[in-house]
Amino acid sequence: MYKHIFMSRRHALWLGFGTLASIGAFAKNKVMSGENQTQVLETVKRDFRVVGKASLKERAAAKGLIYGVAIRSHNLLSDQKLAALIAQECGMIVPEWELKWHVGNKPLRPQPDAFDFSVADRMVKFGRNHGMLVRGHTLVWHESLPPWFQETVNRQNAEQFLTQHIKTVVKRYAGKMHSWDVVNEAIEVDDGKPHGMRSTPWWELLGPNYIDLAFRVAADADPKALLVYNDYGLDYDTPQHEAKRTAVLKLLERLKSQGTPIHAFGTQAHLSADESRFHPRKLRKFFSDVADLGLKIIITEMDVKEQKLPADIQVRDRTIAAVYEDYLSTALDEPAVIAVLTWGLSDRYTWLSEFRPRPDRLPVRPLPFDAGMNRKLAWNAIARAFDTAPKR
Ligand code: G3I
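Within each chain, residues carry numbers counting from 1 in the order of the written sequence. This being a predicted model, a pLDDT of at least 70 is required before a residue's local features are given, and a value of 80 or more before pairs of side-chain atoms are given or counted; all residues contribute to the totals for chains, interfaces and linings. Side-chain numbers come from the whole structure's heavy atoms, not from hydrogens or water.

A. Broad picture of the overall build of the protein chain. Only DSSP runs of H or I reaching four residues or more are called helices, and only runs of E reaching two or more are called strands; each is numbered from the N terminus. Counting secondary structure elements, the protein chain contains 15 helices and nine strands. Relative accessibility under 20% of the residue-type maximum defines a buried residue, over 50% an exposed one, and the middle range a partly exposed one, all with a 1.4 Å probe and only protein chains included. Counting over 392 residues, the protein chain shows a buried share of 56%. In what follows, a contact means two residues having at least one pair of non-hydrogen atoms within 4.5 Å. In the protein chain, 78% of the contacts between residues at least 6 apart in sequence involve partners at least 24 apart.

This is the structure we're talking about:
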């Protein structure tokens, strides 16, 4: 349990030598540049000490922020330790798939004329019974669409399907939702469409105005919920991320200029410990530009994948913790940021295990708690970022 990172001298020396050996190996097979090697050495030396015993929920709340997690119903219902930890550490939850159109074997939309809220209702009830805020994810996306979608939805009825889905789902939880990811991942510059729009079924069927329509229907269905545009791939100083930040910013500007009822921007922050091109000033400028539109910002799905780090757990945990701390200390400097959610709480349940596994098949370690539900340095890094963030 990492309560405080006070290591015995022996442990520190062991870690130092072990880490240097790992860096040597890492450098050798990665042919790391001097700057990267310095960066990893810096990470090794970093002190992720935290003061006090407050939870992430309490540390966030002390600064007027919210900390939350994505959770899956089947894990929540089967794992009491996880449920207790979520109640202890989190001020907000978001169902990882239960409010999407169609995931798994108990989907929200089993048929074109049917809704099954049984699983989603349990999630919303769990949140509210534990005094947590709940956010909805996601009303309009190009993934997790039902098997019946393609042969049923067409240009003539697409608006009716979109409107009915949003109205029915949002009205059911009206007044209970902190926020909704109304539209998810609508920008894909590589699709070559105008304004960098992603060629999604909704874009193909309804044109670019599907976004404005979705927000207007959601606003009418629940005037209290914060309505969010959510996207990913906006974090690093790479040509792809820079192009996407530009396209997303222009989309938000267009929506605001046409009076679309959008209140916040969600940046998913699926980060990578293998990516060294992190440029705090560029990220801070992007957050500032979004805030200048009058939008709040939510870090909606934060985690850190680590497919290329050496096998040494100490090196991995320190490097991952440094990624959390560097990103959050930059992001939380922007007062418009109101919440941070990690995409899961424990390494026992992370999408990365299945979708971004390590080549050496070692269990991934992207989240604040390990698979044994013990705090990791990533927890310390998030705690430190909340502790040093300006108060809202
Ligand atoms: O639980 C069922 C299981 O009962 C069934 O046997 C199995 C058969 O396919 O499916 C299981 O459901 C899977 C579900 O994750 C379980 O959590 C789905 O197949 C699988 O598609 C689903 O993947 C989710 C993915 O979105 C697609 O909806 C991931 O968990 C989830 O982490 C991921 O989250 C997305 C965000 O919504 C948007 N941003 C990116 C993020 C990561 O891809």
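B. Geometry of the nonpolar core. We call a set of buried residues a nonpolar core when its members are Ala, Val, Leu, Ile, Met, Phe, Trp, Tyr or Cys and they connect through side-chain atoms within 4.5 Å of each other. Formed by 110 residues in total, the largest nonpolar core has its most connected members in I86, W180, V183, Y229 and Y327. Residue contributions to this core peak at nine residues, all from helix α10 (residues 210–221). The residues contacting W180, other than those within four sequence positions of it, are L99, R135, G136, H137, L139, V169, V170, Y173, A225, L226, L227 and V228. Counting 14 residues, the second largest nonpolar core, distinct from the first, contains A339, L341, W343 and L352.

C. Here's a closer look at the packing of aromatic side chains. Two aromatic rings, drawn from Phe, Tyr or Trp (for Trp, its six-membered ring), form a pair once their centres lie within 6.5 Å of each other, and the interplanar angle then sorts them: stacked below 30 degrees, edge-to-face above 60, tilted otherwise. Applying the stated criterion to the full structure yields 16 aromatic pairs. One aromatic cluster in this structure is built from Y229, Y236, F265, F278, F286, F287 and Y327. Look at NZ for Lys and CZ for Arg. If either is within 6 Å of the ring centre and within 35 degrees of the ring normal, a charge sits over the ring. Geometry around Y232 places K244 over its ring, the cationic atom sitting 3.7 Å from the centre.

D. How the structure looks around the pattern of salt bridges. Each salt bridge in this description consists of a side-chain nitrogen of Lys or Arg and a carboxyl oxygen of Asp or Glu lying within 4 Å of one another. Counted by the stated rule, this structure contains 24 salt bridges. Across the pair D212 and R216 runs a salt bridge whose closest N-O atoms are separated by 2.7 Å. Of the two residues, D212 and R216 are both situated in helix α10; the distance of four residues between them amounts to about one turn of the helix. Residue classification places R216 among the partly exposed residues on the basis of a relative accessible area of 39%. In this structure, D231 engages K244 in a salt bridge whose closest nitrogen and oxygen atoms are separated by 3.0 Å. On the criterion of sequence distance, the pair formed by D231 in strand β5 (residues 226–231) and K244 in helix α11 (residues 239–257) is long-range, its members being 13 residues apart.

E. Representation of the environment of V94 in the model. When you line up the elements, V94 lands in strand β2 (residues 92–95). You can call V94 buried: its relative accessible area is 1%. Sequence separation of V94 and M177 is 83 residues, and the distance between their C-alpha atoms is 9.9 Å. In this structure V94 touches V69, A70, I71, R135, G136, H137, L341 and W343, once residues within four positions along its chain are discounted.

F. Expanded view of the site of the ligand. Residues in close proximity to the ligand total 19 residues, the closest being E96, K100, H137, S144 and E301. Each polar contact in these results corresponds to two N or O atoms within 3.5 Å; when the atoms are within protein, one needs to be able to donate a hydrogen and the other to accept it, and residues that are neighboring in sequence are counted only if both atoms are side-chain atoms. Measuring from an oxygen atom of the ligand, one finds a side-chain N or O atom of R72 at 3.4 Å. Here Q268 contributes a side-chain N or O atom positioned 3.0 Å from a nitrogen atom of the ligand. Burial of the ligand by the protein chains amounts to 69% of its free accessible area of 780 Å². Side-chain classes are defined by residue name, with Ala, Val, Leu, Ile, Met, Phe, Trp, Tyr, Cys and Pro counting as nonpolar, Asp, Glu, Lys and Arg as charged, and the others, Gly among them, as polar. A per-class count over the shell around the ligand returns six nonpolar, eight polar and five charged. Working definition: residue near molecule or strand if any one of its non-hydrogen atoms lies within 4 Å of it. Accessible areas in this description were obtained via Shrake-Rupley with a 1.4 Å probe; residue shielding takes into account the shown protein chains only.

G. The arrangement of helix α13 (residues 313–331) in detail. Multiplying 1.5 Å by the helix residue count minus one yields the expected span of that helix. For α13, with 19 residues, the first-to-last C-alpha span of 27 Å sits near the 27 Å given by 1.5 Å per residue. A large share of α13 lies buried, amounting to 16 of its 19 residues. A side-chain oxygen of the first residue of α13 lies 2.8 Å from the backbone nitrogen of Q314; this N-cap is D312.

H. Layout of the side chain of R135. As for its placement among the helices and strands, R135 is situated in strand β3 (residues 133–140). Beyond its immediate stretch of four places on either side in the chain, R135 contacts M92, I93, V94, P95, M177, S179, W180, D181, V228, I298, T300 and L341.

I. Highlighting the pairing of β5. Extensive coverage of β5 is indicated by the burial of five of its six residues. With five bridges connecting them, strand β4 (residues 179–184) and β5 associate as parallel partners. Of the residues in β5, the one forming a bridge with N184 is N230. The criterion for strand pairing is that DSSP finds at least two bridges linking the strands in question. As defined by bridge partners, β5 adjoins strand β6 (residues 264–267) across four bridges and the pair is classed as parallel. Each bridged residue has a counterpart across the sheet, and for Y229 the counterpart in β6 is F265. Between β5 and its parallel partner β6, the chain crosses via α11, and the hand of that crossover is right-handed. Clockwise travel from the first strand over the helix to the second, with the strands pointing away from the viewer, marks a crossover as right-handed.

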